[in-house]
2 protein chains.
Amino acid sequence: MTTALAIDLGGTKVDAALVADDGTIDEASRTRRPTGRDRSAEELADAVREAVRGALAQLPAGAELAGAGIGSAGPIDIPRGAVMPYNLTPWHGGYPLRDLVQELVPDVPVTLRIDGLCITLAEHWVGAARGADDVLGMIVSTGVGGGLILGGHTIPGPTGNAGHIGHIEVAGFDDPCTCGGSGCLEAVASGPNTVRWARERGFEGATGEDLGRAYAAGDGIAVAAVRRAGTAIGRAIASASALLDLEIVAIGGGFANVTPDLFEFIREPIAQRVNSAYVRRVRVVPSMLSGDGPLIGAAALVHRSELVG
Amino acid sequence: MTTALAIDLGGTKVDAALVADDGTIDEASRTRRPTGRDRSAEELADAVREAVRGALAQLPAGAELAGAGIGSAGPIDIPRGAVMPYNLTPWHGGYPLRDLVQELVPDVPVTLRIDGLCITLAEHWVGAARGADDVLGMIVSTGVGGGLILGGHTIPGPTGNAGHIGHIEVAGFDDPCTCGGSGCLEAVASGPNTVRWARERGFEGATGEDLGRAYAAGDGIAVAAVRRAGTAIGRAIASASALLDLEIVAIGGGFANVTPDLFEFIREPIAQRVNSAYVRRVRVVPSMLSGDGPLIGAAALVHRSELVG
């Protein structure tokens, strides 16, 4: 049994933990520190250091650490080992996170990848995509992100930002997107953007959870909003499958749970590709990961390194 | 110097030739036979056999064949070694083309891939994408196809149909597509669909060449039609780059030559992704291949087999 140090850096917090080579998190080692917009660059670095030290303190005497894996909110820059998450303004120039972690674990390899890729590795290892070689993992939440495993290997892209399905366009939509484009999936179907669309039509709730309750109660606007999001997600998946010949798409994230019906809406536009058998065969399933997916996936960068391109 | 047998199967003809390991085609060996909709399944097979035998007849005595590479119009089915090109109706159930070729060259490996992937291998080997590890090769012609090299290796997809960028959607468009979807790039920006769009607005030409001449003369409808196609192509490339973190896109095919200005229109929507540096950095360039790209790429399946996933 070997152990990996797993780190998950997000816009509001950083988590670190020790993870065994069967994907089990050592609960005693789990350490969380807040990040967020109001922190300086050095305070953010200190938050990571504290989380890492808290996790490492639980490493049993004599136990060997196999390596460290970092999953980070994007964008990232793998050649520089740097991260520049949208929500961590002081790091927008690119903070050398890999080097920071390497200083804390000088004797083992440190691998940095985007969080969407880590989540996809976790689905492939212990989740809904076990046994598949061509996988898109998706998160539909505040934003829409993802990661790719193609031909059994991860596809990070040269800068590390591949998998970002939130910024592929959807026909029939023209919502302006924060990336500068328009009609991007994230602009249409993220949780907040779906709630906003509903509110513009009279919905009075404020959150995805509110929308889910209204959907369950049969509220017409909520049903239309959820259908609209599902259609857009399905269309984007059809595009990605046409381009990549995917076997399976596993979707997690808070808004993916708005209602189980969401997956029916997602599958409809894929089924409409009647003359494209290889697109139509893609399976779209809910994530089987708990909220621990990002940490398990960061650990997979170490324990499943043979898959990591 | 080793030699490969290269075969390019298209909707109207099949080409075969011997190709050296520097990408040079043995002109004396080049053999073409017509295919097309009016032929039976067995007549199509005979056309392939005749083309292959014509090429092999030029193999010098004592020379060693390293292998055979087949590039085929899609769809294809790699696990079955079968092809089912849209324009070859008698083969729609899937014809075992790899086995047919294997019977003619029983002692060497035979590799089947889609033509878009072969063209991308050729751009990467001797064309506009030399030195890049993350490449989308595109053909804009009667249809819109393509192929992918990611992380330095080809991405065929499990069925062999990956790379088909013609069927990713473009925001702001809703043209019905033959695949069953709508707003697909091919439905908007193929040569015939662009000409059709112009004719619906009063353009009196019939071909992409006619449209190119009208564009050069400053015809307002032709300019609008070419701009519309370029915008759609650029938007689709922005989507593909967001998903795949591409370095370079090399575009060939007859309609890519409609005017050099097409590439300016293509680059505009990519530049609009102002908050996505990794998307914006993608280079979009014209193909550097002659019409021999498909044969050179089929030969690359043999001569560059270390790249072929």
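Up top you'll find the structure we're talking about.
Because the structure is predicted, anything quoted here is derived from the model rather than measured. (Residues numbered from 1 in each chain as written. Chains lettered and ligands numbered in written order. Predicted model: local features only at pLDDT ≥ 70, side-chain atom pairs only at ≥ 80, totals over all residues. Heavy atoms only, no water.)

Engineer: Residue-level account of empty space enclosed by the protein, with values.
Structural biologist: Counted according to the given criterion, the structure contains one cavity of 30 Å³ or more. Put simply, the largest cavity is a space of about 30 Å³. Surrounding the largest cavity, I168(A), S239(A), A240(A), L243(A), I168(B), S239(B), A240(B) and L243(B) form its lining. Elements supplying a minimum of two residues to the lining of the largest cavity: α7 (220-244) of chain A together with α7 (220-244) of chain B. Looking at the lining of the largest cavity, its residues break down into six nonpolar, two polar and no charged. (1 Å grid on protein atoms, 1.4 Å probe; cavity = no way out; pocket = protein on both sides within 12 Å on 5 of 7 lines; lining within 4 Å. Points joined across faces, edges and corners; volume = space filled by probe spheres on them. Helix = DSSP H or I, 4+ residues; strand = E, 2+ residues; numbered from the N terminus. Nonpolar A, V, L, I, M, F, W, Y, C, P; charged D, E, K, R; others polar.)

Engineer: An account of the state of the cysteines is requested, with residue identities and associated values reported.
Structural biologist: A covalent bond between the sulfur atoms of two cysteines is what we call a disulfide. Residues and elements named next belong to chain B. In total, this model carries zero disulfides over all chains according to the counting rule given. Looking at C177, it has no disulfide partner, and the nearest cysteine sulfur is the one in C179, 3.8 Å off. Classification of C177 by relative accessible area gives buried; the value is 11%. (Disulfide = S-S within 2.5 Å. Buried < 20%, exposed > 50% of the residue type's maximum accessible area, 1.4 Å probe, protein only.)

Engineer: Explain helix α3 (residues 115-126) of chain A to me, using residue names and the numbers behind them.
Structural biologist: Residues lying three or four places apart along an α-helix face the same way, a consequence of the helix completing one turn every 3.6 residues. Residues and elements named next belong to chain A. With 12 residues, α3 should cover 16 Å at 1.5 Å per step; its first-to-last C-alpha distance of 16 Å lies within 8% of that length. Where burial is concerned, most of α3 is hidden: 10 out of the 12 residues are buried. Within the span of α3, buried status applies to G116, L117, C118, I119, T120, L121, A122, E123, H124 and W125. (Expected span 1.5 Å × (residues − 1).)

Engineer: An account of the interface of chain A and chain B is requested, with residue identities and associated values reported.
Structural biologist: Of the residues lining the interface, 44 residues belong to chain A; the matching set on chain B comes to 44 residues. Summed over both partners, the interface of chain A with chain B comes to about 3300 Å²; 55% of that surface belongs to carbon and sulfur atoms. On the chain A side of the contact with chain B, E169(A), L243(A) and R273(A) bury the most area, a combined 21% of that side's loss. At the junction of chain A and chain B, the tally comes to four salt bridges. Here R235(A) makes a salt bridge to E169(B), at a shortest N to O gap of 3.0 Å. In this structure, the connection of chain A to chain B is made through 27 residue pairs in polar contact (both at pLDDT 80 or more). When contributions to the side of chain A that touches chain B are tallied by element, the ones reaching two or more residues are β9 (144-150) and α7 of chain A. The greatest single-element share of the side of chain A that touches chain B, amounting to six residues, is contributed by α7(A). Split by residue class, the side of chain A that touches chain B holds 20 nonpolar, 17 polar and seven charged. (Contact = heavy atoms within 4.5 Å. Buried area = accessible area lost by both parts, 1.4 Å probe. Salt bridge = Lys/Arg side-chain N within 4 Å of Asp/Glu carboxyl O. Polar contact = N/O pair within 3.5 Å; in protein donor to acceptor, adjacent residues only side chain to side chain.)

Engineer: An account of the environment of R98(A) is requested, with residue identities and associated values reported.
Structural biologist: Residue and element names in this part refer to chain A. With respect to the secondary-structure elements, R98 resides in helix α2 (residues 97-104). Taking the C-alpha atoms as reference, R98 lies 28 Å from E186; in sequence the two are 88 residues apart. Once you skip the residues sitting within four places of it in the chain, R98 turns out to touch I70, I78, P79, R80, G81 and V110. Among the polar contacts made by the side chain of R98, one reaches the main-chain carbonyl oxygen of I78 at a distance of 3.4 Å.

Engineer: For the sheet that holds strand β3 (residues 31-34) of chain A, give the residues involved together with the corresponding values.
Structural biologist: Residues and elements named next belong to chain A. Taken in spatial order, the five strands of this open sheet run β3-β2-β1-β4-β7, and their pairing is mixed. The outermost strands of the open sheet, each flanked by one partner alone, are β3 and β7 (110-114). Strand-to-strand twist of the sheet, defined as the mean angle between neighbouring strand axes without regard to direction, takes the value 15°. Here strand β1 (residues 3-9) pairs with strand β4 (residues 65-72) via seven bridges, running parallel. Directly across from A6, in β4, lies its bridge partner G69. Here helix α1 (residues 41-56) sits on the sheet in contact with β1, β2 (13-20), β3 and β4, set at roughly 25° to β2. Packing of α3 onto the sheet brings it into contact with β1, β2, β4 and β7, and relative to β7 it is tilted by some 100°. (Pairing = 2+ DSSP bridges. Axes fitted to C-alpha atoms, helices over the stretch in contact; angles between N-to-C directions.)

Engineer: So what's going on with the nonpolar core? Residues and values would help.
Structural biologist: If you look at the biggest cluster of nonpolar residues, it comprises 100 residues, and the most contacted ones within it are M138(A), I251(A), M138(B) and I251(B). M138(B) has contacts with V144(B), G145(B), G146(B), I165(B), L185(B), I233(B), I237(B), V249(B), A250(B), I251(B) and G252(B), leaving out every residue within four places of it along the chain. Core analysis: the next-biggest nonpolar cluster, separate from the first, contains 57 residues, I25(B), V108(B), V110(B) and L121(B) among them. (Core = buried A, V, L, I, M, F, W, Y, C linked by side-chain atoms within 4.5 Å.)

Engineer: So what's going on with the relation of the copies chain A and chain B? Residues and values would help.
Structural biologist: Two chain copies here: they are related by a rotation about an axis and a translation along the same axis. Taken as rigid bodies, chain A and chain B are interconverted by a rotation of 180° and an axial shift of 0.0 Å, the fit giving an RMSD of 0.0 Å. Given the turn and translation reported, the copies of this chain are related as if by a two-fold rotation axis. Looking at the rotation axis and the C-alpha trace of chain A, the residue lying nearest is A171(A), at 2.0 Å. (Least-squares fit on C-alpha atoms with pLDDT ≥ 70 in both.)

Engineer: Requested: an account of the sheet that holds strand β8 (residues 135-140) of chain B, with residues and values cited.
Structural biologist: Residue and element names in this part refer to chain B. In space, the five strands of this open sheet follow the order β10-β9-β8-β11-β12, with mixed pairing throughout. Each edge of the sheet is formed by a strand with only one pairing partner; in this case those strands are β10 (153-154) and β12 (283-286). Pairing between β8 and strand β11 (residues 248-252): five bridges, direction parallel. Bridge pairing in β11 places V135 opposite I248.

Engineer: Explain the pairing of strand β9 (residues 144-150) of chain B to me, and be specific about the residues and the numbers.
Structural biologist: Residues and elements named next belong to chain B. The element β9 is largely enclosed, with a buried count of seven among its seven residues. Residues V144, G146, L148 and L150 line one face of β9 and the alternating positions G145, G147 and I149 line the opposite face, and both faces are buried. Of the pairings in the sheet, the one linking β8 to β9 comprises six bridges and is antiparallel in character. Looking at β9, one finds that I139 is bridged to G145. Adjacent in sequence and paired antiparallel, β8 and β9 are bridged by three residues. Pairing geometry for β9 and β10, over two bridges, is antiparallel. Bridged to L150 within β10 is H153.

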